[in-house]
Protein chains: 2
Amino acid sequence: MEGARLVHLKGYGATGIKEILDAVGVPKGSFYFYFKSKQDFGLQLIDHYSRNILRKLDAFTVRSDLSPMQRLTAFFDWFLSMNEKNQYRGGCPIGNLSQELADIDEVFQKRLHQVFEEMKDRISGLIVEAQSTGEVETSLDPHALGDLVFSTFQGALIQMKASADPSSLLNFRHLLLKGFISRQSKT
Amino acid sequence: MEGARLVHLKGYGATGIKEILDAVGVPKGSFYFYFKSKQDFGLQLIDHYSRNILRKLDAFTVRSDLSPMQRLTAFFDWFLSMNEKNQYRGGCPIGNLSQELADIDEVFQKRLHQVFEEMKDRISGLIVEAQSTGEVETSLDPHALGDLVFSTFQGALIQMKASADPSSLLNFRHLLLKGFISRQSKT
């Protein structure tokens with residue numbers, strides 16, 4: 001979906017309907033055939049991005065060749081490699097839309113919140129599994145850990161966009177995922 | 001600065017020059033008396049926000065009645081109380097601009113990166129002090145810790161905007177600042 005790529009790299013506000021139509025090469029009437037309004041387009045964008053990300057996360061979740069923490073790390077490594085291909089622009093499309101739209105439109109805010117919760121549920125689920133295999137300390141609340149991992153990842157992506165390099169993402173990986181959260185760091 | 005408040009709550013792209021002028025009650029000619037362009041306005045906005053935040057951070061840094069980690073926590077508590085007043089909208093004005101502008105304008109990107117580095121220098125400085133007083137493990141790299149704290153805080157603010165509540169910020173405070181980073185959590 002060319003419109004999704006445009007918004008990912010330029011932002012929602014900066015991407016005009018005309019530009020989306022030009023990119024996909026359809027006349028203006030077609031936009032309103034598919035979408036009721038720009039808000040409707042935005043909501044379908046959220047669905048499009050979140051479906052792709054959750055599908056990818058689910059694909060890593062069932063990898064029986066990896067331990068639970070390895071699956072989680074592999075998902076973030078995949079995300080990092082995607083950002084590398086985009087020269088460290090773009091970041092998380094859902095995080096971007098939240099930053100840009102959550103404050104100005106309650107419909108977007110509620111939908112984005114729901115998507116964040118779905119992502120965090122997957123992350124916490126892997127952490128619960130990692131606790132059962134002994135990779136993560138069982139005294140830590142998996143939901144709180146999932147929330148912390150998600151916050152740090154989103155913030156590292158903001159830093160990536162400003163620095164145009166992956167150093168904060170690598171620091172997140174090393175210090176939080178492999179460090180604080182993993183049991184071996186406590187011993 | 002009314003323009004700064006508008007952009008903080010609505011976003012840069014969604015705030016038109018006309019709206020800024022209406023808010024401050026000046027005719028259009030005045031805008032171009034003060035600013036060369038909307039980009040120039042954006043750069044001055046970054047300076048305005050960063051000056052305010054760094055000044056506040058510096059004020060906490062010299063609080064001799066608090067330990068280094070207490071100073072750092074007090075700064076984040078102040079930030080949290082500001083967001084509470086805004087009903088958990090707004091977040092970090094610099095983080096917002098980075099999310100929105102770093103990808104589409106290299107001048108903004110470089111300036112935002114510089115501001116992030118200045119903020120992280122302050123945070124890492126407090127962590128170095130906290131290591132000297134024994135509040136933070138000395139085996140951990142203070143710059144990496146400062147970067148992690150900054151990422152997590154920025155990401156927790158994105159989550160705050162989507163959830164319209166402070167739970168991720170409180171989790172950042174409890175699990176990272178008071179937990180993983182503080183020496184007592186290791187014992």
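Fair warning: this is a prediction, and the values are worked out from it, not measured in the lab.

Caption draft 1: Geometry of the overall build of chain A. Looking only at helices and strands, one finds nine helices and zero strands in chain A. From first element to last, N terminus to C terminus, chain A shows the α and β order α-α-α-α-α-α-α-α-α. Expressed as lengths along the three principal axes of its C-alpha atoms, the size of chain A is roughly 60 × 35 × 30 Å. Each of the 187 residues in chain A was classed as buried or not, and the buried ones make up 56%. Restricting to contacts in chain A with at least 6 residues of sequence separation, those with at least 24 account for 63%. For chain A, the exposed surface amounts to about 8000 Å²; the carbon and sulfur share of it is 54%. Placing the 22 positive and 22 negative side-chain charges of chain A at their respective mean positions leaves the two points 4 Å apart.

Caption draft 2: View of the relation of the copies chain B and chain A. Aligned on chain A, chain B shows an RMSD of 0.0 Å; the corresponding rotation is 180 degrees and the shift along the axis is 0.0 Å. Such values leave the two copies arranged in the relation of a two-fold axis.

Caption draft 3: Region of interest: the interface of chain B and chain A. Contact with chain B, which involves 45 residues of that partner, is made by 45 residues of chain A. Taken together, the two surfaces of chain B and chain A that pack against each other cover about 3700 Å², and 58% of this comes from carbon and sulfur. The largest share of the area that chain B buries against chain A comes from Gln99(B), Asp103(B) and Phe180(B), three residues that together contribute 19% of it. One can count two salt bridges joining chain B with chain A. With its nearest N and O atoms 3.3 Å apart, the salt bridge here joins Lys161(A) to Asp103(B). For the pair chain B and chain A, the number of links is 31 residue pairs in polar contact (both at pLDDT 80 or more). Of all the secondary-structure elements, those providing two or more residues to the side of chain B that touches chain A are helix 1 (2-10), helix 6 (93-101), helix 7 (106-132), helix 8 (142-163) and helix 9 (167-180) of chain B. It is helix 8 of chain B that provides the largest number of residues to the side of chain B that touches chain A, a total of 15 residues.

Caption draft 4: How the structure looks around helix 1 of chain B. Along helix 1 of chain B, the residues that are buried comprise Gly3(B), Ala4(B), Leu6(B), Val7(B), His8(B) and Leu9(B). The first or second residue beyond helix 1 of chain B is Gly11(B), which carries a positive phi of 100 degrees.

Caption draft 5: Highlighting the packing of aromatic side chains. All names here are of chain A. Under the defined criterion, the tally for this structure stands at 23 aromatic pairs over all chains. Summarising the aromatic geometry, the rings of Phe-60 and Phe-75 are spaced 6.2 Å apart at their centres and angled 70 degrees between planes, so their arrangement reads as edge-to-face. In this pair, Phe-60 sits in helix 4 (residues 38-61) while Phe-75 sits in helix 5 (residues 68-85), placing the two residues 15 residues apart along the sequence. Ring centres of Phe-75 and Trp-78 lie 5.8 Å apart, and the angle between their planes is 35 degrees; on these two criteria the pair is classed as tilted. Placement of the pair is Phe-75 and Trp-78 together in helix 5, with a separation of three residues, close to one helical turn.

Caption draft 6: How the structure looks around the nonpolar core. Residues Ile94(A), Phe180(A), Ile94(B) and Phe180(B) are the most contacted members of the largest nonpolar core, which totals 122 residues. Not counting residues up to four positions away in its chain, the partners in contact with Ile94(B) are Ile46(B), Tyr49(B), Ser50(B), Ile53(B), Leu112(B), Val115(B), Phe116(B) and Met119(B).

Caption draft 7: Fine view of the side chain of Ser98(B). Mapped onto the fold, Ser98(B) is located in helix 6. Note on Ser98(B): relative accessible area 0%, which makes it buried. With near-sequence residues (within four places) excluded, Ser98(B) lies in contact with Ile158(A), Lys161(A), Ala162(A), Leu112(B) and Phe116(B).

Caption draft 8: The arrangement of the pattern of salt bridges in detail. Counted by the stated rule, this structure contains 18 salt bridges over all chains. In this structure, Asp65(A) and Arg63(A) form a salt bridge, with 2.8 Å as the shortest nitrogen-oxygen distance. The residue Lys120(B) makes a salt bridge to Asp147(B) at a minimum N-O spacing of 2.8 Å. Note that Lys120(B) is positioned in helix 7 and Asp147(B) in helix 8, a separation of 27 residues in sequence. The network of salt bridges with common partners includes Glu117(A), Lys120(A) and Asp147(A).

Rules used throughout
Residues numbered from 1 in each chain as written. Chains lettered and ligands numbered in written order. Predicted model: local features only at pLDDT ≥ 70, side-chain atom pairs only at ≥ 80, totals over all residues. Heavy atoms only, no water. Helix = DSSP H or I, 4+ residues; strand = E, 2+ residues; numbered from the N terminus. Buried < 20%, exposed > 50% of the residue type's maximum accessible area, 1.4 Å probe, protein only. Contact = heavy atoms within 4.5 Å. Areas by Shrake-Rupley, 256 points an atom, 1.4 Å probe, with all protein chains shown as cover. Lys, Arg positive; Asp, Glu negative; His and termini not counted. Charge placed at Lys NZ, Arg CZ, Asp CG, Glu CD. Least-squares fit on C-alpha atoms with pLDDT ≥ 70 in both. Buried area = accessible area lost by both parts, 1.4 Å probe. Salt bridge = Lys/Arg side-chain N within 4 Å of Asp/Glu carboxyl O. Polar contact = N/O pair within 3.5 Å; in protein donor to acceptor, adjacent residues only side chain to side chain. Phe/Tyr/Trp six-rings, centres within 6.5 Å; stacked < 30°, edge-to-face > 60°. Core = buried A, V, L, I, M, F, W, Y, C linked by side-chain atoms within 4.5 Å.

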